[in-house]
Every structure is written in C-alpha cells, then in structure tokens.
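Here's the letter readout for the chains.
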Amino acid sequence: MISLFSSFALFAQDDSSARIAQNDSAELQAEKENAAHQAQSDSSVKQGQVDMSFKGHDPKKDANLNPFVNKLINPDSNLSINPSMNYNMNPIKENSLNPTHNSSINPMINLQLNPQSNDVLNPVIMKGLRPSTETWKGLFLFNDSNQLFGYISVATQNVMLSFDNNGTWNGYYVKAGRMMYNYFTLFGVWTGMFLCYDNQSGYNLFDKNGKWTHIYVK
C-alpha cells in the first residue's frame, strides 16, 4: 500500500515538474519571439530612417544625379568641371587652393579646421555627425558602379567629414575655394585628393594627379 502511494506521489511530482518545465519552455519561447519581433521592428525603423536620409540622393533612381548618364556632371565629358582643364579648381596648378602653399586652408596650421583640435568638428565628441545617428542627414559617396561607397557629414561650411560605408570615420575635407575641397587624413595630412563641384548636384573626387577617380558625392 505504501509502495502504491509512493508511486502515485512520484507520478504526481513528475507530472507537476513536467508541466512547470513545459510552462517555462513556453514562456522562454514567447520571450524569444517577442525579442525577435522587437529587433525586427527596430531594424525596420532604422531602415526607414536610412531610406529617408537616402531619399533624393540615389543615382540609380534619378538619372540626373548619375554622372555616367548625365554628361553635364561628368568631368570627362564636361571639361569646365575638370580640374585638368579648369585651373580655378585645381590645387596642383593653383597655389591658393593648395594647403602646402596656403596655410589658411591647412588644418595642421589652422587648427580651427582640424577635428583633432576643434571639438565642434569631431564626430567622436559630436555624435550627431556620425552616420549611425538616427537623426543624421548628410551626403553620400558612390563608386563607378553607383554603389554606396561612404558618407559625408557637413560639420561646417568649411569642413566636411568622411566615413566609409561601414560608418567608420576615415578623414575630412577642407574647403579651399568656391568650388572645391581638399581631402585630409584623420591626422591632418593632405592626401593630394580633392573634391570639385559638378555645377549641379554634388561633387566629383579627383586623385593627386587631377584625374577623376569615378567616385562622386550626392
């Protein structure tokens, strides 16, 4: 008889434990599903914010923004925006645009233009300058396949910050003339590269020899 009661008690205990384990498992599954749903929802919100920032900058949707379609903004076709022909936008030919000759546009000398010295320009301190910030608005770099290549934050009218397509800060641009910016490393060393205005909707990036890299900004 005692053995029978012991068996019933053990069965009841096992059954109760099984129900508790089942309930715990169900609650855990529900929590996982809720977390997944929340993550998906957050991702959708962030993607929506990215899409809103990207709106009006996409050369795949607007041919007018595409220099390989719109020849007016292509420096290989429109020589008036090509620094190899227009010396007014060429720091190699025009000393006033060259930071090695003009100290006022050299961030190693004019520290107001240097993010390492001027906190207002530094995205490590000014988080709103980072592309990863939800409220960020800025410009976009594209390669010769019209693929997103990086981001640009306009810190001031004289300094723009450059980020790669992962959002990592990799340099900055300093305004040198009405139509162009010189590109510097994070340490303020001029790379020799520079941006020139395309006279319509953005900039084209040139190498230290004044040749278009086929990278452009919108």
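Report follows, based on the coordinates. (Residues numbered from 1 in each chain as written. Predicted model: local features only at pLDDT ≥ 70, side-chain atom pairs only at ≥ 80, totals over all residues. Heavy atoms only, no water.)

### A closer look at unusual backbone geometry
Not every positive phi belongs to a glycine, and Asn-199 is a case in point at roughly 70 degrees. The topology assignment puts Asn-199 in the loop between strand S6 (190–197) and strand S7 (203–206). In this structure, His-214 is a non-glycine residue whose phi angle is positive, near 70 degrees. Secondary-structure assignment places His-214 in strand S8 (residues 212–217). Look at His-214 and you get partly exposed, because its relative accessible area is 27%. (Helix = DSSP H or I, 4+ residues; strand = E, 2+ residues; numbered from the N terminus. Buried < 20%, exposed > 50% of the residue type's maximum accessible area, 1.4 Å probe, protein only.)

### Notes on the pattern of salt bridges
Counted under the stated rule, the structure contains 1 salt bridge. Asp-198 is paired through a salt bridge with Lys-218; the nearest N and O atoms lie 2.7 Å apart. A residue pair is termed long-range when its members are at least 10 positions apart, and Asp-198 in the loop between S6 and S7 and Lys-218 in the segment after S8 qualify at 20 residues. (Salt bridge = Lys/Arg side-chain N within 4 Å of Asp/Glu carboxyl O.)

### Quick word on the sheet that holds S7
Read around the barrel, 8 strands follow the order S1-S2-S3-S4-S5-S6-S7-S8 and close on themselves; strand pairing throughout is antiparallel. This sheet shows a mean twist of 30 degrees between the axes of neighbouring strands, independent of strand direction. Note that S7 and S8 share 4 bridges and pair antiparallel. Along S8, the bridge assignment pairs Leu-205 with Ile-215. (Pairing = 2+ DSSP bridges. Axes fitted to C-alpha atoms, helices over the stretch in contact; angles between N-to-C directions.)

### Notes on the pairing of strand S3 (residues 159–164)
Here S3 lies mainly inside the structure; 5 of its 6 residues are buried. In textbook terms, the turn of a hairpin is the stretch between consecutive antiparallel strands, and for strand S2 (residues 148–154) and S3 this stretch comprises 4 residues. Sheet analysis places S3 next to strand S4 (residues 169–177), joined by 5 bridges and oriented antiparallel. Each bridged residue has a counterpart across the sheet, and for Phe-163 the counterpart in S4 is Trp-169. In this structure, the hairpin formed by S3 and S4 is closed by a connection of 4 residues, where Gly-167 is found at a positive phi of approximately 85 degrees.

### A closer look at the packing of aromatic side chains
Evaluated as defined, the whole model comprises 11 aromatic pairs. Taken together, a centroid distance of 5.9 Å and an interplanar angle of 20 degrees make the contact between Tyr-172 and Phe-184 stacked. Here the residue Tyr-172 occupies a position in strand S4, and Phe-184 occupies one in strand S5 (residues 180–184), the gap between them amounting to 12 residues. Across the pair, exposure class does not vary: Tyr-172 and Phe-184 are buried alike. Among the aromatic residues, those joined into a cluster by ring pairs are Phe-68, Phe-142, Trp-212 and Tyr-216. (Phe/Tyr/Trp six-rings, centres within 6.5 Å; stacked < 30°, edge-to-face > 60°.)

### Details of the side chain of Asp-198
Residue classification places Asp-198 among the buried positions, given a relative accessible area of 1%. Apart from residues lying up to four places away in sequence, Asp-198 is in contact with Leu-72, Ile-73, Ile-81, Tyr-203, Asn-204 and Lys-218. (Contact = heavy atoms within 4.5 Å.)

### Concerning the environment of Gly-56
With respect to the element layout, Gly-56 can be found in the loop between helix H1 (2–54) and strand S1 (139–142). Along the chain, Gly-56 and Lys-218 lie 162 residues apart, while their C-alpha atoms are 8.7 Å from each other.

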